[in-house]
Each structure stands twice: as structure tokens, then as C-alpha cells.
Protein chains: 2
Amino acid sequence: IFLLAFAISSVGHYLASLGLAFVAASLTFRLIPAVSEMFIKAGLSGIDLNKHEKLKKKVPEAIGVVAATIYLIVIFLYIPFHFRAYLLVEQQGTDGFPHDKFVAFICGLLSICCMIFLGFADDVLNLAWRHKLLLPTLAALPLLIVYKVTGGSTTVILPIFARPFLGHTLDLGVLFYIYMGMLSVFCTNAINILAGVNGIEAGQSLVIAVSLVVNSIIQIIGTEYHEGHQLALCLLMPFCGVTAALLWHNWYPSNVFVGDTFCYFAGITFAVTGILGHFSKTLLLFLMPQIFNFVFSVPQLFKLIPCPRHRLPKYDQSTGLLTMSYATFATSSLSRPGRLVLDIVRVTGLCHVRPNPEQPELTDVSNFTIINLVIKMVGPIHEEKLTTYILMLQVASSVLALAIRYPFGNMFFDQPLA
Amino acid sequence: IFLLAFAISSVGHYLASLGLAFVAASLTFRLIPAVSEMFIKAGLSGIDLNKHEKLKKKVPEAIGVVAATIYLIVIFLYIPFHFRAYLLVEQQGTDGFPHDKFVAFICGLLSICCMIFLGFADDVLNLAWRHKLLLPTLAALPLLIVYKVTGGSTTVILPIFARPFLGHTLDLGVLFYIYMGMLSVFCTNAINILAGVNGIEAGQSLVIAVSLVVNSIIQIIGTEYHEGHQLALCLLMPFCGVTAALLWHNWYPSNVFVGDTFCYFAGITFAVTGILGHFSKTLLLFLMPQIFNFVFSVPQLFKLIPCPRHRLPKYDQSTGLLTMSYATFATSSLSRPGRLVLDIVRVTGLCHVRPNPEQPELTDVSNFTIINLVIKMVGPIHEEKLTTYILMLQVASSVLALAIRYPFGNMFFDQPLA
Ligand SMILES: [Mg+2]
Ligand SMILES: [Mg+2]
């Protein structure tokens, strides 16, 4: 019985987090339909472009803010559980309390709260890019201070093949902080640009979060080093809860849109858990589709190739299927690097290039997104099936990541990766 | 020279905070006109009811979010200054770093960030009351944990006259935490209900913030106990900066409205500084007009007396002056306590009671706000003058508060109040 009590108390915070995850999921699930009307009234709604003319209706936008707020509330309620061993001690004072863990927790929440706020402001006000980059960079600042003062190492262990040149480890120093700051900015935008079909934002986030949960459970069971993964697990389980509930309503045909709010919220939650859990490299492994999509998008994001306002696939009213969307331009209008990029994507087959059907002197190139690439490979496709394919890709990538991380990691590193 | 360098380094964070206050003020001042159009486009605008028919135009609403965001950014930038002595130390590790102070800082910011988010959501979505009470209560939770683990005392020193009955001090225990939680909720709503004429929300907040700054400077110069007031000062100076810039644009005739966002932001900033600076009782002294207005409003807030949607004064199109606004009802429809309240305000002269001019069988009572009370005392008045009067009242109340706090405090307490 004593052992059982000990076992329960040692997993108590996992149980609390899991319980709160279910509470959060059920709250989110029930609150979303209840508040949808309020969002439409406030002008937060959009038309789903990928639907048949007759089925088009106003869909409430930025509903991710409901999931995010419930997540925040649940995590606030969870804090006392996480530190209950110290808070229940009768005498007052600072003696036993793990200030460093508490401050890490609160800093993480602060970053998350800032990004939810920024995302919602973006949904409401359609912020310019310069506004969107400033706040996330600064919101990462407390996180970096925490990383420093909780003794976070800026030393990376180098892969075996690099050691003859650079030594066993490399202290990146300030570069490592810049890397972490950029990680926050990257994560928050990575989900946002792999978007445009029903259920894709919430779906990919759920797959990534579940993968991170699996990874943390493996770490907690299998290794000595626990602390960061305990924190990550307790932050990620409620996230899975609210995201699953949101996905239910956001799945094809979407009754709600998640908005920038959700994309930012999901991205920063991943960044925070990765940084505070000291597994940012593993996190990047799970984000491979997002990294591929981002790198693939760069020519359009930096305007080497013209970028239309929307890059989401095009709905074919006659077949009801989604087809590739194109950017149209005169080849002569491209810069020299732009023309090089066009040649590369044509030769590698990453994009479909054709003369514009109506004005043959102009060139069409399918937009530089992983979604268009999937359509290019499988042909015109139903929206629900497309989302499912991309999520399966995400799952496959997670399995691959776990395979790299565990069995194969030892081929390049002679000790477990952090 | 050595002494000078020491003096500079010991006031360095005040200088940094003061400098950032000016930066914040100038940024806010210039950004507000630049983004106004964006707010109107997003549907965040309202018509100023207290203006002549011909001068009515769309005024951007919720502009407080600009001030609040700049405040957050500036405070993020300020954090490294506050802890520069520890961050500049070469060796890594947790040894010298004052985790307890850092965590207090971050918790304060978290509460502020949550309330800004909630305020903005309220401006956009018009939240219901039940939503508005949940998040601020929970956002105060980290603050309370910090208060506990940084050794905050729940013991209050009793006034001399109460000691024969209750002893020298009284440990309120958990009641004290409830009190602090309620303080946060009270502060965030107190500014919001003393509203309705141009410049009043930002104006009263500026007066209160400057009063708190004066109080903290007196404490830092005059007493041994510094720490809480240092933190308060560094949080309040940038607040004064952004609020002054906002007030400039919000002053009669308002080019922008501050919105719930600003009211919540101001309220929680006061609550956070009061709690973390351990001077919550002094804070309440500076909030006397707000407390009076709240208590005065209670009969309408709890529907003992009918409460119209808006309680702001009524604009007289012919004279251009503001007059009292009334709630109209059949006296027989009132509950017994409602009739008692009506008798009290009639006898004490707090409200004007009259038969309705059009339907004499109905009763008119001027709405239960300090603004209507001022108009009742001075007669119909120009809007700018009304705002000035109420702000003068706030200044007078601050002077009185300082008088109670310092010279007279010793009549009731034999040691300085915390
Ligand atoms: Mg947007
Ligand atoms: Mg409102």
C-alpha cells in the first residue's frame, strides 16, 4: 500500500494533467458551437473557398482562440498540482521551493499567452509582417533568460563525422540563444504556412503534439534525464485535448476555422516545450514536413517567384475536387535567381510549369506548397482525402523521426541525444 | 568617481525604466494615428454619443491595445536591465541569480498579458459577464503562488483601536489570498465602470499611476524597505508613458477610444504592482473614487434599480452640454430593497429622482455613477470640463491618500504601514 501511494504520488501530476486534458477537450468541444454565432456577429468569419457554390456559407474564423484560452485556464489550474509537494508544506518561506522550475513554467506560459494575443490581434486586425515579427522575438526573451539562469547549456555535441574538424563539442554561446529565438519565430509561422484545406492546421498540430508526447514518455521511461520531459508532457497533454476537440469541428466540412490564433498558439507551445525540455533538435525532427514546406515556400515568400494572395488549392466546381493553384506571370519579368528557381522546380518536378491556358505568352507555375505537390503527385483529389494524405505524411515523418532519434541516433552520436 | 559610478549603477535600472518610458510614450504617440484606419477597417469603431449630430463620426475603438502592446514590449526589453548584475556574470549556473525576484516579475507580466488579451477579446467579441470573471480570477493564480513562495506574509497589522479585541496582528491565512484575488478582479473592473466621457479612463489611470510612483519614491528614499517599491516603480514608469500618449489622443474631442482593453490593462497593472510591491492597502487608498463609484453602482449592477445599457451622461443637442442620464421605471415594479435604495439616494441627495416628464406615472432616477453625481452638483456642463473636474477629484483623493498614508498613518498604527 505504501508503494502504491508512492507510485500514485510520483505520477500524480501526470494524472492531473491527463485529467485536465479531458476536461479541456470536453469544454472546448462544447463551447465552440456555443460561441460561433458571437464570432460571426463580431465580423470574424470567412467563406470557405473550397466548397461548391451552393454550399458556401459564413464560417466563424479565429475559433482557435477558444481552444487557446481554455488551454491557458487549464494550465493555470494545473500549476498548483505541479508544485503541490512544496505548496502544501506548512511553514512559509522560500527554502524548499524549486524557483527555477516554477520560473521556467511561468515563462513558458508568458510566451504562449503573448503569442495567443498576437495571433488573435492578427486575426482581427490583419497585421503587417513587421508587426508580426517583433512581438514573438521579444516574447522569447524571458524564455531565453530562463534558459540561461537555469543553467541551460549552449554546448552542442557534434556528430562523429564532424569531430576531426571541430572537436567533440562546440560551445555556440550567444549563437545558441539566437538559434532558440529563431526557433520560436519559425515554429509560430511554420504551422501557419502549411494551411488552406479543412482540418490541416489542427490535424498536423495534433500529430506533432502526440509524437512529442510519445517521445517524452520514451525518455521518461527509458533514461535518467527526466525533468524537461516531465514538464513537456504536462504542457502537451492538455494541448492534445483542446486540439482534438478543435479538429472535430474543423474537420471537413469545416464548421469553424482555426485562424492565425491557433497556428501561433500551436507553434509557440511546441517551441516552449522544446526549449524548456531541452529537446529542440528532436522537435525539429518532428517538424520535417513543416521545414520542407517552409524551404519550398521561400522563393515565393521572398518574391523570387510572384506570390498570389492565397496559395490554397483551387476548387473545381464541376468535379468537386481540388486541383493545383498557379501563379501566373511573364517569364521575362522574373529576376535571374527567379528564373533559376523556375528551372530547378521544373527539372526536379516539384512544381507543374505550363503556358497559361488563356494567354499562352504568360507562364503558370503551381504554387510552392507541399499541398500542391501532393495534388501534383496524386491528381485532382477530394478535400477530405487530401487532408488525410497530408496528415499521413506527417505521421510517417514522425515515425521516421523516432527511428532516427532512437535506433539510428547512435550511428552518429556515441551517447543519447538530448 | 568611484562613488559616482556606484551611484549610477545603483539607480541604473530606474534610468533605464525612465528612458524606456519616454521611448514607449513616443512610440505610442506616433503609432496610434498610424493604425487607426486599420482598426476602423476591422470593424473596431464606435460613434461618440456625446457630440453634436453634425460632428458625429466613426472613432476607432479598443486603441488601448496599442498602448498595452507597446508596454509589454518595453517591459520585455527592460527585464535584462533589471537583472543585468546577474546576467553579466561569466560563469553559468543558478548560484547568484535571484530567482524569486525574477519569478515575481514574470508572474506579474503573465497576469498583465492575460488581462490585455481578455480585454481585447472583450472589445472584439463583447463577452458575457461569466466569461469576464473566470480568466482574471485564474490569471491571478500564478501571482498568488509567487506571493506565497516568496515568503509573502498573510498577517495584517491591526489598527490600535482594534487590538484589545483581536490582538496586535491577525493572520488572515487563506482569506488573504482570496482578498488578493478579489483585488485583481476589482481593479480590472473598477476603471471600466468609471467611464463614458472622453479621456476619463486614461486620465484617471494616469493620475493613479503617478500617485503610486510618488508613493514608491517616498518609500524608496524614506524607508529601509525598498524591494517591492523598486519593482513597482520600474513597472509603473513605462505605464505612465504609454498612458500619457494614449490620453493625448483620447482627450476631448476623442480621436480614439481606449476600449475595455485599456481599462483591464490599467487595472491589472495596478493590482500587480500593489500585490508584488506589498502595498495593496495603499493602492486601495489611491482608488477611493473608484471604490466609491463601485459601491455607488452596486444597486444598478445587481439590478435592484433598473440599469440601462449605457449609463453615460446625456448630450443636450441644443446647448452642447452634458446632463444627467436617467433610468426610468414604475416605482411599483421595484423590489422592497430596491425601494429602500431609492429612498436612501433621494434623502442623501446622491441621485436626482423625478416623475418622468413624458409619462408622469413612471419614475426617473439619475444613474448611479460618480459622473452623474458631479453633474447633479455643478449643473449641465461641457464634456471637457466634466472630465477635468473628475480628474481633479482623483488628484484631490490622491493627496488625501498620501496625507492619510504618511502624517496621519501613525495615529492608528505605531509602525509604518506596508
Ligand atoms: Mg492574418
Ligand atoms: Mg465590452
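Residues numbered from 1 in each chain as written. Chains lettered and ligands numbered in written order. Predicted model: local features only at pLDDT ≥ 70, side-chain atom pairs only at ≥ 80, totals over all residues. Heavy atoms only, no water.

## A look at the overall build of chain A
Rule in force here: The helix and strand labels rest on DSSP assignments: H or I over at least four residues marks a helix, E over at least two residues marks a strand, and numbering proceeds from the N terminus. Pairs of residues are marked as contacts when any of their non-hydrogen atoms sit within 4.5 Å. Reported accessibility uses the Shrake-Rupley method at a 1.4 Å probe radius. Residues are deemed covered only where the shown protein chains occlude them.
What chain A contains, in helices and strands, is 16 helices and nine strands. For chain A, the proportion of contacts with a sequence separation of at least 24, taken over those separated by at least 6, is 73%. A total accessible area of about 18200 Å² is found for chain A, and carbon and sulfur atoms account for 68% of it.

## Describing the pattern of salt bridges
Note the following rule: The salt bridge definition used is simple: a Lys or Arg side-chain nitrogen within 4 Å of an Asp or Glu carboxyl oxygen. Burial here depends on accessible area, computed with a 1.4 Å probe over protein chains only, as a share of the maximum for the residue type. Under 20% is buried, over 50% is exposed, and the range in between is partly exposed.
As enumerated under the stated definition, the model contains ten salt bridges over all chains in all. The shortest N-O distance in the salt bridge between arginine 346 of chain A and aspartate 343 of chain A comes to 3.0 Å. Residue arginine 346 of chain A and its partner aspartate 343 of chain A are located together in helix α13 (residues 336-348), separated by three residues, close to a single helical turn. Note that lysine 51 of chain B and aspartate 48 of chain B form a salt bridge whose closest N and O atoms lie 3.0 Å from each other. Owing to a relative accessible area of 9%, lysine 51 of chain B belongs among the buried residues under this scheme. Residues participating in the shared-partner salt-bridge network are Asp48, Lys51 and Glu383 of chain A.

## Focus on the nonpolar core
Threshold: Residues grouped as a nonpolar core are buried Ala, Val, Leu, Ile, Met, Phe, Trp, Tyr and Cys residues, joined through side-chain atoms within 4.5 Å.
Counting 200 residues, the largest nonpolar core has Phe102, Phe120 and Phe270 of chain A together with Phe102, Phe120 and Phe270 of chain B as the members making the most contacts within it. Aside from chain neighbours lying at most four places away, what touches phenylalanine 120 of chain A is Leu44, Val65 and Thr261 of chain A together with Phe117, Phe120, Ala121, Val124 and Leu125 of chain B.

## Focus: the sheet that holds strand β9 (residues 363-366) of chain A
All names here are of chain A. For the record, the criterion: DSSP calls a pair of strands paired once it identifies at least 2 bridges connecting them. Between N-to-C directions, angles span 0 to 180 degrees; the directions come from axes that are lines fitted to C-alpha atoms, helices contributing only their stretch in contact.
Strand order in this open sheet of three strands is β7-β9-β8, and the pairing throughout is antiparallel. Pairing within the sheet leaves two strands with one partner each, and these edge strands are β7 (326-329) and β8 (353-355). Strand-to-strand twist in this sheet, taken as the mean axis angle between neighbours without regard to direction, amounts to 25 degrees. Of the strand pairs in this sheet, β8 and β9 are connected by three bridges, and their pairing is antiparallel. The residue bridging arginine 354 from the neighbouring strand is aspartate 364, located in β9.

## Some thoughts on the packing of helix α2 (residues 64-82) of chain A against helix α4 (residues 99-125) of chain A
Residue and element names in this part refer to chain A. Here is the rule we go by: An angle below 35 degrees is treated as roughly parallel, one above 145 as roughly antiparallel, one from 65 to 115 as roughly perpendicular, and anything else as oblique. The residue classification treats Ala, Val, Leu, Ile, Met, Phe, Trp, Tyr, Cys and Pro as nonpolar and Asp, Glu, Lys and Arg as charged. All others, Gly included, are polar.
Interhelical geometry of α2 versus α4 gives an angle of 170 degrees and a closest axis separation of 11 Å. In this view, α2 runs roughly antiparallel relative to α4, as classed from their interaxial angle. Where α2 abuts α4, its residues Val65, Ala68, Tyr71, Leu72, Ile75, Phe76, Tyr78, Ile79 and His82 lie against Phe102, Phe105, Ile106, Leu109, Ile112, Cys113, Ile116 and Phe120. Looking at the contact of α2 with α4 residue by residue, the classes come out as 16 nonpolar, one polar and no charged.

## Digging into the state of the cysteines
Stated precisely, the cut-off is as follows: Cysteine sulfur atoms that come within 2.5 Å of each other are treated as a disulfide pair.
Inspection of the entire model under this criterion finds zero disulfides over all chains. Left without a disulfide partner, cysteine 113 of chain A is nearest to the cysteine sulfur of cysteine 113 of chain B, which lies 3.5 Å away.

## Quick word on unusual backbone geometry
All names here are of chain A. At the junction of tyrosine 252 and proline 253, the peptide bond is cis and its omega measures out at -15 degrees in the coordinates. With respect to the element layout, proline 253 can be found in the loop between α9 (227-250) and α10 (259-276). The phi dihedral of alanine 62 is positive, around 65 degrees, even though this residue is not glycine. Tracing the sequence through the fold places alanine 62 in the loop between β2 (58-60) and α2. The class of alanine 62 is buried, set by a relative accessible area of 0%.

## Section: a nonpolar patch on the surface
Our working rule: Like charges are joined within 9 Å and nonpolar side chains (Val, Leu, Ile, Met, Phe, Trp, Tyr) within 5 Å, but only among residues with over 30% relative accessible area and no salt bridge; these make up the patches.
Together, Val174, Leu175, Ile178 and Met182 of chain A give the surface a local cluster of nonpolar side chains, amounting to about 420 Å² of exposed area. The topology assignment puts valine 174 of chain A in helix α7 (residues 174-193).

## Focus: the sheet that holds strand β7 (residues 326-329) of chain B
All names here are of chain B. Taken together, the three strands give an open sheet; going across it, the order is β7-β9-β8, and neighbouring strands pair in antiparallel fashion. Edge positions in the open sheet fall to β7 and β8 (353-355), since each of these has one partner strand only. Each neighbouring strand pair of the sheet contributes to a mean axis angle of 25 degrees, computed without reference to strand direction. By the bridge criterion, four bridges tie β7 to strand β9 (residues 363-366) in an arrangement that is antiparallel. By the bridge assignment for β9, phenylalanine 329 is matched with threonine 363.

## Examining the environment of isoleucine 106 of chain B
Position of isoleucine 106 of chain B among the secondary structure elements: in helix α4 (residues 99-125). Each C-alpha atom, one on isoleucine 106 of chain B and one on isoleucine 79 of chain B, is 9.0 Å from the other, the two residues being 27 residues apart in sequence. Not counting chain neighbours up to four residues away, the residues in contact with isoleucine 106 of chain B comprise Ile106, Cys107, Leu110 and Pro142 of chain A together with Ile79 of chain B.

## A closer look at the packing of helix α2 (residues 64-82) of chain B against helix α10 (residues 259-276) of chain B
Residue and element names in this part refer to chain B. What counts, and what does not: Rotating anticlockwise by less than a right angle from the far helix to the near helix defines a left-handed crossing, while the corresponding clockwise rotation defines a right-handed one.
With their axes 7 Å apart at the nearest point, α2 and α10 run at an angle of 35 degrees to one another. Pair α2 / α10 crosses with left-handed handedness. On the side of α2, the interface is formed by Gly64, Val65, Ala67, Ala68 and Tyr71, while α10 contributes Thr261, Phe262, Phe265 and Thr269. Partitioned by chemical class, the residues of the contact of α2 with α10 number six nonpolar, three polar and no charged.

## Thoughts on the packing of aromatic side chains
What describes a pair of aromatic rings is the distance from one ring centre to the other and the angle between the planes of the rings. All names here are of chain B. Spelled out, the test is: Only Phe, Tyr and Trp rings are paired, with Trp represented by its six-membered ring, and only when their centres lie within 6.5 Å; those with planes under 30 degrees apart are stacked, over 60 edge-to-face, the remainder tilted. Two conditions define a charge located above a ring, namely a distance within 6 Å from the ring centre to NZ of Lys or CZ of Arg, and an angle within 35 degrees of the ring normal.
Within this structure, the stated rule accounts for 29 aromatic pairs over all chains. Relative to phenylalanine 262, the ring of phenylalanine 239 has its centre 6.3 Å away and its plane inclined at 15 degrees; by these criteria the two rings are stacked. With a gap of 23 residues between them, phenylalanine 239 in helix α9 (residues 227-250) and phenylalanine 262 in helix α10 connect regions that are remote in the sequence. As far as the burial class goes, phenylalanine 239 and phenylalanine 262 line up, both buried. The buried category is assigned to phenylalanine 262, whose relative accessible area is 0%. Residue placement shows arginine 354 over the ring face of tyrosine 326; its charged tip is 3.7 Å from the ring centre. Note that arginine 405 overlies the ring of tyrosine 406, its terminal NZ or CZ placed 4.7 Å from the centroid.

## A closer look at the environment of leucine 127 of chain B
Here leucine 127 of chain B shows up in the loop between α4 and α5 (129-149). For leucine 127 of chain B, a relative accessible area of 15% translates into the label buried. Residues leucine 127 of chain B and phenylalanine 83 of chain B, 44 residues apart in the sequence, show an inter-C-alpha distance of 38 Å. Here leucine 127 of chain B is in contact with Met38 of chain A together with Leu118, Ala121, Asp122 and Lys132 of chain B, once residues within four sequence places are set aside.

## Quick look at the confidence of the model for chain A
The line we're drawing: One confidence number per residue, pLDDT, is output by the predictor and ranges from 0 to 100.
Taken residue by residue, chain A gives an average pLDDT of 86. The fraction at 70 or more is 86%. Throughout residues 90-94 of chain A the model reports pLDDT below 50, and contacts reaching past four residues in sequence, or to other chains, amount to ten contacts.

## With respect to the side chain of histidine 13 of chain A
Residues and elements named next belong to chain A. Of note, histidine 13 is situated in helix α1 (residues 2-41). For histidine 13, a relative accessible area of 11% puts it in the buried group. In this structure, histidine 13 is in contact with Tyr78, His82, Arg84, Gln230 and Cys234, ignoring residues within four places of it in sequence.

## Remarks on the side chain of threonine 269 of chain B
All names here are of chain B. Definition in use: A 3.5 Å cut-off defines polar contacts: any pair of N or O atoms within that distance qualifies, except that in protein one atom must be a possible hydrogen donor and the other a possible acceptor, and neighbouring residues in sequence count only when both atoms are side-chain atoms.
Of note, threonine 269 is situated in helix α10. Judged by its relative accessible area of 0%, threonine 269 is buried. One polar contact links the side chain of threonine 269 to the main-chain carbonyl oxygen of phenylalanine 265, over a distance of 2.6 Å. Non-local contacts of threonine 269, meaning those with residues more than four positions away in its chain, are made with Tyr71, Ile112, Leu236 and Phe239.

## Concerning helix α13 (residues 336-348) of chain B
Spelled out, the test is: For a helix, the expected span equals 1.5 Å multiplied by the number of residues minus one.
Over its 13 residues, α13 of chain B runs 19 Å from end to end, which matches the ideal 18 Å to within 8%, given 1.5 Å per residue. Backbone geometry just after α13 of chain B places glycine 349 of chain B at a positive phi near 75 degrees.

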